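Chain residues, written in single-letter form:
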Amino acid sequence: PPARESAARKAAADALGTLGEAGAAESAALVAALCSDTSEAVRYCAAWSLGELGGELGSDAAGGVAEGILPALRDEDADVREATARALGALGASAARHAPLVAG
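Rules behind the numbers
- Each residue is numbered by its place in its chain's sequence as written, counting from 1.
- Per-residue local features are limited, in this predicted model, to residues with pLDDT of at least 70; the limit for side-chain atom pairs, both in listing and counting, is 80 or more; totals at the level of whole chains, interfaces and linings are taken over all residues.
- To get the side-chain values, take all heavy atoms of the structure and skip hydrogens and water.
- The secondary structure listing takes helices from DSSP runs of H or I that are at least 4 residues long and strands from runs of E that are at least 2 residues long, numbered from the N terminus.
- In this scheme, a residue with accessible area under 20% of its type's maximum is buried, one over 50% is exposed, and one in between is partly exposed, where area comes from a 1.4 Å probe on protein chains only.
- Contacts are assigned to residue pairs with any non-hydrogen atoms lying within 4.5 Å of each other.
- Note on areas: these come from Shrake-Rupley sampling with a 1.4 Å probe, and a residue is covered only by the protein chains present in the view.
- Salt bridges are counted wherever a side-chain nitrogen of Lys or Arg sits within 4 Å of a carboxyl oxygen of Asp or Glu.
- What the arc measures is the spread of directions leading from the helix axis to the C-beta atoms.

Asker: Can you explain the overall build of the chain? Please cite residues and give values.
Answerer: Scanning the chain from terminus to terminus reveals seven helices and zero strands. Along the chain, helices and strands appear, N-terminal first, in the series α-α-α-α-α-α-α. Within the chain, buried positions represent 40% of all 104 residues. Relative to all contacts within the chain whose residues are 6 or more apart in sequence, the contacts with residues 24 or more apart total 67%. Per element, the accessible surface of the chain, about 5400 Å² overall, is 55% carbon and sulfur.

Quick look at the structure:
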């Protein structure tokens, strides 16, 4: 059933944010979930996890994540947009050039 699948994706996205370096290795999967999952809860958890993992990513990886999650700043869900903005902040200097997009 779709609801069960969505709950499993949400749990996976949420769990990755607690895994530190191991979770950071899955940042591409989190970016994909944030930008394309049909469930608002999954997108929110992916953004939250990316924010939690921001300090674990190297500057090159953080820069790629920052570029990848920009479309989520226009998500239909306000909570997803807010979590995405927080994730960009957690990415630090690698995301700093995108600050005007968050402020705007």
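Asker: Before we move on, can you summarise the pattern of salt bridges with the specific residues and values?
Answerer: The tally for this structure, following the rule as stated, stands at three salt bridges. For the salt bridge of Arg9 with Asp37, the shortest nitrogen-to-oxygen distance reads 2.6 Å. In this pair, Arg9 is assigned in helix H1 (residues 2-16) and Asp37 in the loop between helix H3 (27-36) and helix H4 (40-53), connecting sequence segments 28 residues apart. We classify Arg9 as partly exposed; its relative accessible area is 31%. Judged by relative accessible area, which is 13%, Asp37 ranks as buried.

Asker: Account for the environment of Ala46, naming residues and giving values.
Answerer: In this fold, Ala46 is placed in helix H4. On the accessibility criterion, Ala46 (0% relative accessible area) is buried. Sequence-wise, Ala46 and Leu34 are 12 residues apart; in three dimensions their C-alpha atoms are separated by 5.3 Å. If we ignore the near neighbours within four places in the chain, the residues touching Ala46 are Ala13, Leu30, Ala33 and Leu34.

Asker: Please provide a residue-by-residue account of H3, values included.
Answerer: By the burial criterion, the buried members of H3 are Ser27, Leu30, Val31, Ala33 and Leu34. When H3 is viewed along its axis, its buried side chains cluster within an angular range of 165 degrees and face the same direction. Residues of H3 that are exposed and angled more than 90 degrees away from the buried face: Ala28 and Ser36.

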